[in-house]
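For reference, the chains in residue letters:
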Amino acid sequence: MPMSERLEKREQAVADIELIRRIALDRDRQAFALLLERHRSALYNLALRMTRSPMEAEDALQQALLRIWTSAGSFRQDGEVEAWVLRVLARECLRIFKRRGNEQRRIAAYEGQREARQAEPVGAEAERLEGMRVLRQCLDDLPAPQRMLVALYFGAGISQDEISRQLRIPQA
């Protein structure tokens, strides 16, 4: 990463910490709106990767935003704000999984498999789609906490060190 990008990222991290402080102490709606504007895309993308449902992703995002608003004072400045808000969102996704169980995901997976079988693509495209189906099935078979780690690392691009520190789990 070029030096200018690192400086810009560091400046944004400092600004994010100030936004969290304003949200926690002053219940500053403008600060919340700016924080949301900065991280909405990453939050929604992570929710969509974890839930595999636009409707559940929106539900998780709404719940996470409420939790970020109400618990901004619990942010510890030893980490990055983006990692913290993504962790809050990931926990909301896990709550949705627990509440709704696996039934909706099974139905969606079954429908997706049925549609894939009906399309019957040929050649390299068929191999690519089969590989994606197998990968998706493997991810679906992971317990929700492990799927969350995969989504945070590969989907949100958070480092293993940051995930470990934010979730308070040791690295292997």
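What you see is a predicted model; the values in this text were computed from it and never measured.

Thoughts on the overall build of the protein chain
Within the protein chain, the regular secondary structure consists of 8 helices and 0 strands. The order of α-helices and β-strands along the protein chain, N terminus first, is α-α-α-α-α-α-α-α. Burial statistics for the protein chain: of 172 residues in total, 31% are counted as buried. If you take every contact in the protein chain between residues at least 6 apart in sequence, the share linking residues at least 24 apart comes to 64%. For the protein chain, the exposed surface amounts to about 11100 Å²; the carbon and sulfur share of it is 54%.

Focus: the packing of helix α2 (residues 29-51) against helix α7 (residues 144-155)
Running from amino to carboxyl end, α2 crosses α7 at an angle of 140°, the nearest separation of the two axes being 10 Å. Taken together, α2 and α7 sit at an angle that is classed as oblique. Both α2 and α7 take part in a crossing whose hand is right-handed. Residues Leu46, Arg49 and Met50 of α2 pack against Arg147, Met148, Ala151, Leu152 and Gly155 of α7. Here the residues of the contact of α2 with α7 are counted per class, giving 5 nonpolar, 1 polar and 2 charged.

Reading guide: rules and limits
- In this convention, every chain numbers its residues from 1, walking through the sequence in written order.
- Under the rules for a predicted model, residues below a pLDDT of 70 receive no local features and side-chain atom pairs below 80 are neither given nor counted, while totals for whole chains, interfaces and linings still include all residues.
- Hydrogens and water molecules were not included; the side-chain quantities draw on all heavy atoms of the structure.
- Here a helix means four or more residues in a row that DSSP labels H or I, a strand means two or more in a row labelled E, and each is numbered from the N terminus.
- Buried residues are those whose accessible area, probed at 1.4 Å on protein chains only, stays under 20% of the maximum for their type, while exposed residues exceed 50% and partly exposed ones sit between those limits.
- Residue contacts are defined here by distance: any two heavy atoms, one from each residue, within 4.5 Å place the two residues in contact.
- Throughout, the Shrake-Rupley method with a 1.4 Å probe supplies accessible areas, and for residues the shown protein chains are the sole cover considered.
- Every axis corresponds to a line fitted to the C-alpha atoms, with the helix fit spanning only the stretch in contact, and the corresponding angles, defined between N-to-C directions, vary from 0 to 180 degrees.
- Just so you know how the angles are binned, under 35 degrees is roughly parallel, over 145 roughly antiparallel, 65 to 115 roughly perpendicular, and the rest oblique.
- Left-handed describes a crossing in which the near helix is turned anticlockwise from the far one by less than a right angle; the clockwise case is right-handed.
- Each residue is assigned to one of three groups, with Ala, Val, Leu, Ile, Met, Phe, Trp, Tyr, Cys and Pro labelled nonpolar, Asp, Glu, Lys and Arg labelled charged, and all others, Gly among them, labelled polar.

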